[in-house]
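Okay, here's what each chain looks like letter by letter:
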Amino acid sequence: MLTDLTLTEAQRKLRAGEITAVELTQAHLDRIRALEPALHAFLTVTAERALDAAAGADRRRAAGKDSPLLGIPLAIKDVLATEGVPTTCGSRILEGFLPPYTGTAVQKLFDAGAVMLGKTNTDEFAMGSSTENSGYGVTHNPWDLDRVPGGSSGGSAAAVAARMALGALGTDTGGSVRQPAAFCGTCALKPSYGRVSRYGLIAFASSLDQIGVFGRCAEDLAALLSVIAGHDPRDSTSMDLPVPDYTAALTGDVAGLRIGVPREVFIDGMQPAVEQAIRAAIDQFAALGADIREISLPHTEYGLPVYYIIAPAEASANLARFDGVRYGPRHAQGALWPTYKATRGQGFGAEVKRRIMLGTYALSAGYYDAYYLKAQKVRTLIKQDFDRAFGDVDVIVAPTTPTTAFRIGEKAGDPMQMYLSDVFTLPASLAGIAGASIPCGVDEAGLPVGMQLLGAAFDEPTVLRAAHAYQQVTGWHRRAPAL
Amino acid sequence: MVAYEPVIGLEVHAELLTESKMFCTCAVVDSTSAEPNTVVCPVCLAMPGVLPVINRKAVEFGLMVGLALNCEIPAFNQFARKSYFYPDLPKGYQISQYEYPLAINGWLEIDLPDGSTKRIGIRRAHLEEDTGKLTHVDGHSLVDLNRAGVPLLEIVSEADIRSAEEAEAYARKLRAILQYLGVNSGDMSKGVLRMEPNISVRPVGSDDLRTRTEIKNLNSIRSLARASAYEIERQIALYEAGESVQQATMGWDEARQVTVTQRVKESSEDYRYFPEPDLPVLELDRAWIEAVRAGLPELPDAKRDRLMAEHGLSRYDASVLVAQRAVADYYEQALAAGGDPKQVANYLIGDVFRQMNLEGRERDDIGAILLTPQALAELVTLVRQGAINHGVAKQLIETLYAEGGSPARLVEQRGLAQVSDESVIGEAVATVLDEHPDEVARYLAGEEKLIKFLMGMVMRALKGKGDAQVVQRQLAAQLEARRK
Ligand SMILES: [Zn+2]
């Protein structure tokens, strides 16, 4: 089946003329039509537009032209602005909103010839770990429809895992591509902060947000990252550094690679199957000749509280623009303040409101020093932990999540339990370093386990190299859910 | 009776005349005349997902002002978010500098009426973005975001100002500096320059700072001076009546010439400032700062001192000429066209300004009058050469101001050339003396002020064109001759 190809395999077949972009796109659209009722990975499917783009790609190829992603069908998380295509952030407050512009990363995909299949579901404004906070219904995990796909990029993860798209863009603020990749048994990479332009990424927490990529193997991640990485004059926080050849980094060789295992990650309460799978993966790396070292990231335990001060603080300001004045539904009440209250009160869901309130509180006069400023100081300590560790090792291996995918509704009533599912992914976001999640096993119920591979800032090549080498000798990433 | 003194600080917001806005590429336009919401883009509309990019030119302009105001320029600069909800603020926060402003600890020197000078401290100058504008019609509010994101420099003085006159002097000097630097037009009526005094009064000799009020909506420096004077008196009257001053924002009612309470501040608003995560910290390169400093144009005080030294102008005249950049430019253009520095100054300050006052024209607008600096220089030269006399020159200024044109041609067309011919003037003098035997007799009897009357009669006979010196000499001589 065309949908079983990896992105890289599809590229080869397109280039060889064995398949056309229209066939490839149609196959994915068919699969979306078949599976969407069960999964609800998409908020918008742009079928017509996708087929037009695919036909255009075929014409270009027929004219002897090629480009890195020519004719490759992809899914885009609905927090990324796409001109003229509904972009809701999973929020009712942006219902019907058609952006007047396309963000940089998506535009780079288009320029590289990619075909957009549609916009994927997300927790509202990327705030959540299950997509249960979407204003438009939950996405189901392709491995078990009663379970969550993770979040916030749950729609993108489910779409790639269920073979509805060859790859996808997501966003990661505290683990939002890595955690759903782990839950859905697919691969994802959160690039270092500043590696990919955030222009067009509808901000949740500006100092943490980063656009990430989903694919079914390290090679696919490298292909996608190569296209979207790089400096953007529209984003002053994007770094003006050369973009390495990520595909060339996939040597298949990790002999001598220094791999660190933080002693802080095997915590009480971790699901035994997860720990076993991670330990087995570490043994696998050892067998490949990697140099396994125990390291310490002593401030890991503060990642969660620090994140839940900084991210909501930034969000409280970032979400102030949704006031019903210029776009989005307006619940007019005659006077200004009642209109603001009705518009925001009805437009935002409970979790978004909770975080706006948390953040507003943390920034308030008299509390700023005790919360926001202190959190920033601890954030620096967390960064220093990683700096020290990467003096000693090249890559850090850790579980992506403490458990496999949980049941829909299981944690919805308990924000703290929900927040804990990101406990392993938050530190890398706070430190702004590179992090991938790849499948490395299953639990008793056959649900995927994800392994996190962390690299120093801008050392995506080493992260991808380790992931790729692992995938050369294991088959976890090739498992597909039975749908 | 307790004597009171006011304690005044001035907060000034100056839009910067950059080509593009503070954080996007939209043009900076006259927002009082542009069609609403035509100079906007996703960034300044705060569309979801957009990001700000700092305008380097705005930083440079801010730097120029900071340096001109003798400020320290810290190497570390940072933008912050100032959060509040209002429809003219698209993002729900304003990007501004808070903890780490562009410039700090400067001063500005003002002239006091007694001829001395005083330094007013500059606490800080920082960059931010302007808001949009709301227009209220029929119970609705219309939002125009053309102005949203225009670079704004906020200049905050220390509370060193002690009278409405000092506030006015400070305002005029600061406005002149902004104009000289070419970073602001100084037009308060269009709101591109906004000055807000905060005022309290206290018994002379006291060190305490009492409750202050802030005055907004001042559309000219004249209003600033009047509103400040009024507010000082209002507060003194309250204390004298045993009442207290409420912390409030006052408006200036131009029609009634009174300050009115707009909003009482019960507690200070919490803007929840925090560092802007979308922008990197701004570290200013020392070499760049020094290059900007070296490139600063001549500023008003330096120009005043130079005009005094080079051309022997009085401090008063020189100060008047440098007070607006447009006037200084006009003056220097007239000099460049060969005008005598002192004479040009005299005619400019005396006659040209009178014409402008009659017309109600602002001095900033001098560049647009029909009497060009070249024509004024030509006129002055005609006087110096004796081609016309002073009285004719004054008449010509009226004509040239109203119609423009060349002074030499006008003199020719209207036959205004000075009459210096001794015999023509001698005849006119003789006739006038013959016709006024009474006055001549009284003059000769010691009523010497009558010479002025006789002089005027001779000039009238010569249609105003007589050479004043020759007329005077002839008159004196012929009167003496009649003494026998
Ligand atoms: Zn703009």
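Predicted model, so just to flag it, every value in this text is computed and none were measured.

Cut-offs and rules
- Note that residues are indexed from 1 along each chain, following the sequence as it is written.
- All chains are assigned letters beginning at A, and all ligands numbers beginning at 1, according to the order in which they are written.
- Selection of residues for local features in this predicted model requires a pLDDT of at least 70, selection of side-chain atom pairs for listing and counting requires 80 or more, and totals for whole chains, interfaces and linings are taken over all residues.
- Each helix is a run of DSSP H or I of at least 4 residues and each strand a run of E of at least 2, with the numbering of both proceeding from the N terminus.
- For the radius of gyration, the atoms used are the C-alpha atoms, and the globule rule reads 2.2 Å times the number of residues raised to 0.38.
- Here a residue counts as buried when 20 or more other C-beta atoms fall within 10 Å of its C-beta, as exposed when 12 or fewer do, and as partly exposed in between; the C-beta atoms come from the backbone.
- Here, residues touch in the contact sense if the C-beta positions derived from the backbone fall within 7 Å of one another.
- For the purposes of this description, domain bounds are those given by an automatic or database domain assignment.
- Just so you know the grouping, Ala, Val, Leu, Ile, Met, Phe, Trp, Tyr, Cys and Pro go in nonpolar, Asp, Glu, Lys and Arg go in charged, and all remaining residues, Gly too, go in polar.
- In short, DSSP must find at least two bridges between two strands for them to pair.
- An axis is simply a line fitted to the C-alpha atoms; with a helix, the fit covers only the stretch in contact. Between two such axes, the angle follows the N-to-C directions and lies from 0 to 180 degrees.

Chemist: Explain the overall build of chain A here, please?
Modeler: Looking only at helices and strands, chain A has 15 helices and 11 strands in total. Over its C-alpha atoms chain A spans a radius of gyration of 21 Å, differing by no more than 12% from the 23 Å that the globule rule assigns to 483 residues. Residues classed as buried in chain A amount to 61% of the 483 residues present. Of all intrachain contacts in chain A linking residues separated by at least 6 positions in sequence, the fraction that spans at least 24 positions is 76%.

Chemist: Even after reading the chapter, I still don't get the interface of chain A and chain B, so can you show me in this structure?
Modeler: You'll often see interface size given as the accessible area lost when the parts meet. Counting residues at the interface gives 33 residues for chain A and 26 residues for chain B. Ranked by residues supplied to the side of chain A that touches chain B, first place goes to helix α9 (residues 303-318) of chain A with 3 residues.

Chemist: Whenever I open this one, the domain arrangement of chain A confuses me. Can you help?
Modeler: Residue and element names in this part refer to chain A. What the domain assignment reports for chain A is domain 1 (2-258 + 391-478) and domain 2 (301-375). The centre of domain 1, based on its C-alpha atoms, is set 27 Å off from the matching centre of domain 2. Listed by partner, the interface residues are 26 residues for domain 1 and 22 residues for domain 2. Secondary-structure elements contributing two or more residues to the side of domain 1 that touches domain 2 are α13 (415-420) and α14 (426-431). For the side of domain 1 that touches domain 2, the element with the highest residue contribution is α14, accounting for 3 residues. Its residues assigned to classes, the side of domain 1 that touches domain 2 shows 15 nonpolar, 8 polar and 3 charged.

Chemist: Mind showing me how you'd approach the pairing of strand β4 (residues 167-172) of chain A here?
Modeler: Look at any regular strand and the pattern is simple: side chains alternate between the two faces of the sheet. Residues and elements named next belong to chain A. Along β4, 6 of the 6 residues are buried, which leaves the element largely enclosed by surrounding structure. In the sheet, strand β2 (residues 73-77) pairs with β4 via 3 bridges, with the strands oriented parallel. If you follow Ile76 over to β4, its bridge partner there is Leu169. Of the strand pairs in this sheet, β4 and strand β6 (residues 210-215) are connected by 5 bridges, and their pairing is antiparallel. Among the inter-strand pairings, Leu169 is bridged to a residue of β6, identified as Val213.

Chemist: Would you explain the environment of Asp146 of chain A in this entry?
Modeler: Residue and element names in this part refer to chain A. Position of Asp146 among the secondary structure elements: in the loop between β3 (115-120) and α5 (154-161). Overall, Asp146 belongs to the exposed group, with 12 C-beta atoms counted inside 10 Å. When the C-alpha positions of Asp146 and Gly409 are compared, they lie 9.2 Å apart, and in sequence the two are 263 residues distant.

Chemist: Even after reading the chapter, I still don't get the sheet that holds strand β7 (residues 258-262) of chain A, so can you show me in this structure?
Modeler: Where strands meet in a sheet, backbone hydrogen bonds hold them as pairs that are either parallel or antiparallel. Residue and element names in this part refer to chain A. Spatial ordering of the open sheet is given by β1-β3-β2-β4-β6-β5-β10-β11-β9-β7-β8, a layout of 11 strands whose pairing is mixed. Because the sheet does not close on itself, it has two edges, and the strands there are β1 (42-45) and β8 (291-295). Looking at each pair of strands side by side, their axes are set apart by 30 degrees on average, direction ignored. Inspection of the sheet shows β7 paired to strand β9 (residues 395-399) by 2 bridges, in the parallel sense. Following the sheet pairing, Ile259 is matched in β9 by Val395. Across the sheet, helix α2 (residues 21-39) lies against β1, β2 and β3, angled at about 20 degrees from β3, the strand it touches most.

Chemist: Would you mind going over the domain arrangement of chain B with me for this structure?
Modeler: All names here are of chain B. On domain assignment, one finds that chain B holds domain 1 (4-290), domain 2 (298-395) and domain 3 (422-481). Computed from C-alpha atoms alone, the centre-to-centre distance between domain 1 and domain 2 is 33 Å. Taken together, the contacts link 10 residues of domain 1 with 9 residues of domain 2. If you list the elements that add at least two residues to the side of domain 1 that touches domain 2, you get β5 (103-111) and α2 (164-181). Residue contributions to the side of domain 1 that touches domain 2 peak at 6 residues, all from α2. Residue composition of the side of domain 1 that touches domain 2, by class: 4 nonpolar, 2 polar and 4 charged.

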